[in-house]
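Architecture at a glance
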Amino acid sequence: MTAKRIQEVALAHFAKYGYDGSSLANIAEEVGIKKPSIYAHFKGKEDLFLHVVQEVFHEELAFVRDYFALNSHSPLHARLYEMLAQYQERYERNDKMKFWLRMSYFPPPALYDEIMEQVYAYLDQLELLLARIFTEASATGEIDSIDANQAASAFMCLLDGNLVEMLYGGADRFRKRLDASWTLFWRGICK
């Protein structure tokens, strides 16, 4: 139970202050333990951080899989657009999403390789999922007969560009860019 609570508090600190701005002493204080007690569960700050990263990346991938499974009967247009729109909503109210985005785009230099391994695993799995979705939509005639892998790669680029806009430009600029880029993307894959 204590290890889980340490990870929950650490997540909030890492999401708000980043890796360098977070301290084990502050995390321990908020958990209600002394700093040395953290070492009973984690080797140090780096180990704690990597545990949080792994958990959040697995949860984010599960979220996306669940989202597409729960919405499999909705039109593709609605599923894809809503998925993009939900990133902004989730970012505003969810520490895990803030942490996930911060670590995806700004990993601590000392942990770059370990973080990017997780990021690329997530992106590769998301792209495979999207390729399957585009293959199905093409087979049913919902979209043009297109190369599903190219469509998935293009969608990933759309996602990436909009997430960067959200991080730097805020909600209004994100929504403006999302609506414009989505309209053109959708026209490009439809009959």
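Description of the structure in this document. No experiment lies behind these values; they were computed from the predicted model shown.

How each quantity is defined
Residues numbered from 1 in each chain as written. Predicted model: local features only at pLDDT ≥ 70, side-chain atom pairs only at ≥ 80, totals over all residues. Heavy atoms only, no water. Helix = DSSP H or I, 4+ residues; strand = E, 2+ residues; numbered from the N terminus. Expected span 1.5 Å × (residues − 1). Buried < 20%, exposed > 50% of the residue type's maximum accessible area, 1.4 Å probe, protein only. Contact = heavy atoms within 4.5 Å. Axes fitted to C-alpha atoms, helices over the stretch in contact; angles between N-to-C directions. Parallel < 35°, antiparallel > 145°, perpendicular 65-115°, else oblique. Phe/Tyr/Trp six-rings, centres within 6.5 Å; stacked < 30°, edge-to-face > 60°. Lys NZ or Arg CZ within 6 Å of the ring centre and 35° of its normal. Polar contact = N/O pair within 3.5 Å; in protein donor to acceptor, adjacent residues only side chain to side chain. Salt bridge = Lys/Arg side-chain N within 4 Å of Asp/Glu carboxyl O.

For helix α7 (residues 112–139), with 28 residues, the first-to-last C-alpha span of 40 Å sits near the 40 Å given by 1.5 Å per residue. Three or more residues of α7 are buried, namely I115, M116, V119, Y122, L126, L129, L130, A131, I133, F134, A137 and S138. Elements in contact with the buried residues of α7: α4 (45–70), α5 (76–93), α6 (95–105) and α8 (148–189). Directly after α7, the chain includes G141, whose backbone phi takes a positive value near 85°.

We now examine the side chain of H13. In this fold, H13 is placed in helix α1 (residues 2–21). When its relative accessible area of 8% is taken as the criterion, H13 is described as buried.

Moving on, we come to the packing of α5 against α7. Look at α5 against α7: their axes get within 11 Å of each other, and the N-to-C directions meet at 155°. By the criterion of interaxial angle, the relationship of α5 to α7 is roughly antiparallel. Across from L76, R79, L80, M83 and Y87 in α5, the residues of α7 making contact are Y122, L126, L130, I133, F134 and A137.

Moving on: the packing of aromatic side chains. All told, the structure shown has 16 aromatic pairs when counted by the stated rule. Between the aromatic rings of F57 and W100, the centroid separation amounts to 6.2 Å while the plane-to-plane angle is 50°, which identifies the pairing as tilted. On the criterion of sequence distance, the pair formed by F57 in helix α4 and W100 in helix α6 is long-range, its members being 43 residues apart. The pair formed by F57 and W100 is uniform in burial state, with each residue classed as buried. Among the aromatic residues, ring-to-ring pairing joins Y81, F134, F155, W182, F185 and W186 into one connected group. One Lys or Arg, K45, reaches over the ring of Y19 and ends 4.6 Å from the middle of that ring. Over the face of the ring belonging to Y87 we find R90, whose NZ or CZ atom lies 5.7 Å from the ring centre.

Moving on: the environment of I33. Relative to the elements of secondary structure, I33 occurs in the loop between α2 (24–31) and α3 (35–38). The exposure class assigned to I33 is partly exposed, which follows from its relative accessible area of 23%. A C-alpha to C-alpha distance of 9.1 Å links I33 and T2, two positions 31 residues apart in sequence. Beyond its immediate sequence surroundings of up to four residues, I33 is in contact with T2, I6, A28 and I38.

Turning our attention to the environment of S72. Take S72: it is sitting in the loop between α4 and α5. Judged by relative accessible area, S72 falls into the partly exposed class, the value being 36%. Here the side chain of S72 touches A69 through a polar contact of 3.3 Å, landing on its backbone oxygen.

Right, let's get into α4. In this model α4 runs 37 Å from its N-terminal to its C-terminal C-alpha over 26 residues, within 8% of the 38 Å that 1.5 Å per residue would give. Among all positions of α4, only D47, L48, F49, V52, V53, V56, F57, E60, L61, V64, Y67 and F68 are buried. Looking at the buried residues of α4, the elements they touch are α1, α2, α5, α6 and α7.

With that settled, consider the pattern of salt bridges. For the coordinates displayed, the defined rule picks out 5 salt bridges. For R5, the salt bridge goes to E8, with nearest N and O atoms at 3.7 Å. Here the residue R5 and the residue E8 both occupy positions in helix α1, the gap between them amounting to 3 residues, near one helical turn. On the basis of relative accessibility, which here comes to 35%, the residue R5 falls in the partly exposed class. Given a relative accessible area of 41%, E8 falls into the partly exposed group. A salt bridge links E59 to K96, with the nearest nitrogen and oxygen atoms 2.5 Å apart. Remark: K96 occurs in helix α6 and E59 occurs in helix α4; sequence separation between them is 37 residues. Using a relative accessible area of 32% as the deciding quantity, one classes E59 as partly exposed. You can call K96 partly exposed: its relative accessible area is 29%. Each of E165, R173 and R177 takes part in a single network of salt bridges with overlapping partners.

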